[in-house]
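What follows is the residue order along each chain.
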Amino acid sequence: FSVSRKNAQGKVTLVNKLKRGDVFGEEALLTGEPRNANIVAMSDGIVMRLSKADFEELLKKPLIAYVTVEEAQERLRRGARLVDVRSAADFQQGALKGSVNIPIAELRGRLSQLDPISPYVLYCRNGVQSEVAAFLLRQRGFEVAVLRNGLESLRRESAGKL
C-alpha cells in the first residue's frame, strides 16, 4: 500500500509505503479530524477495519499512558525526554524548557532522531496530537507517556513549568 498526500498546490506526493502489519487511519480516529492521506493498494492485500469504539477499547486504552504534571516532572527527573509535537510555529511561540520539537506531521520521518531506549513525555496544546504521537511511537516499541490535557493542564493545575 502506498500513502500519498496532496499539498496546497494540488501536487500529490508519496509519503510512505506500508508493509505487512502497518496501520493507517489511526490519526483520524484519535483526533476526530478528516483523514489527511490517501492509501492505494499496489498489489493484492488484506485490510482489517475497526470501528472507533473498538479502536478506543482495544488499541488506544492499552497503548497510551497518561501522566499528570507532577508525574511528568518525576519522569523527567529520572531521565525521560520531553517532546513537543505541535507545529514548529507553535513551538517557537513558547515551549516547555528542555523540550525538543518534532511536529506530529513529521514524526514518522524523524523517528531516527529518537533514542529507542530513552523514555519520553509527549505534549501538545490539549493532548490530542500527543495521543497520536504516543500511538505511533508505542507501535514502534518506544516507552512514552502523554501529558494529560497537554499545555492546558499547566494552566488548570497551576503546577508551574516542567
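Computed from a prediction, not measured in an experiment: that's the story for all the values here. (Residues numbered from 1 in each chain as written. Predicted model: local features only at pLDDT ≥ 70, side-chain atom pairs only at ≥ 80, totals over all residues. Heavy atoms only, no water.)

1. Section: the overall build of the chain
So, step 1. For the chain, the helix and strand inventory stands at six helices and eight strands.
So, step 2. Listed by position from the N terminus, the elements making up the chain come as β-β-α-β-α-β-α-β-α-β-β-α-β-α.
So, step 3. Per-residue burial over the chain gives 34% buried out of 162 residues.
So, step 4. Sequence-distant contacts, at least 24 apart, represent 61% of the contacts inside the chain between residues at least 6 apart. (Helix = DSSP H or I, 4+ residues; strand = E, 2+ residues; numbered from the N terminus. Buried < 20%, exposed > 50% of the residue type's maximum accessible area, 1.4 Å probe, protein only. Contact = heavy atoms within 4.5 Å.)

2. With respect to the packing of aromatic side chains
So, step 1. All told, the structure shown has one aromatic pair when counted by the stated rule.
So, step 2. Ring plane angle 65 degrees and centroid distance 6.3 Å describe the contact between Tyr120 and Phe142, whose orientation is recorded as edge-to-face. With Tyr120 in strand E7 (residues 120-123) and Phe142 in the loop between helix H5 (128-139) and strand E8 (144-147), this pair connects stretches of sequence that are 22 residues apart.
So, step 3. Judged by its relative accessible area of 3%, Tyr120 falls in the buried class. (Phe/Tyr/Trp six-rings, centres within 6.5 Å; stacked < 30°, edge-to-face > 60°.)

3. So, the sheet that holds strand E6 (residues 100-101)
So, step 1. Across the sheet, which stays open at both edges, the five strands sit in the order E4-E8-E7-E5-E6 with parallel pairing between neighbours. Two strands close off the open sheet at either side, each with one partner strand: strand E4 (66-67) and E6.
So, step 2. Pairing between E4 and E8: two bridges, direction parallel. The partner of Val67 across the bridge, within E8, is Leu147.
So, step 3. Along the sheet, H5 contacts E4, E7 and E8; its crossing angle with E8, the most-contacted strand, is approximately 175 degrees. (Pairing = 2+ DSSP bridges. Axes fitted to C-alpha atoms, helices over the stretch in contact; angles between N-to-C directions.)

Purely spatial values, then, with no claim about function.
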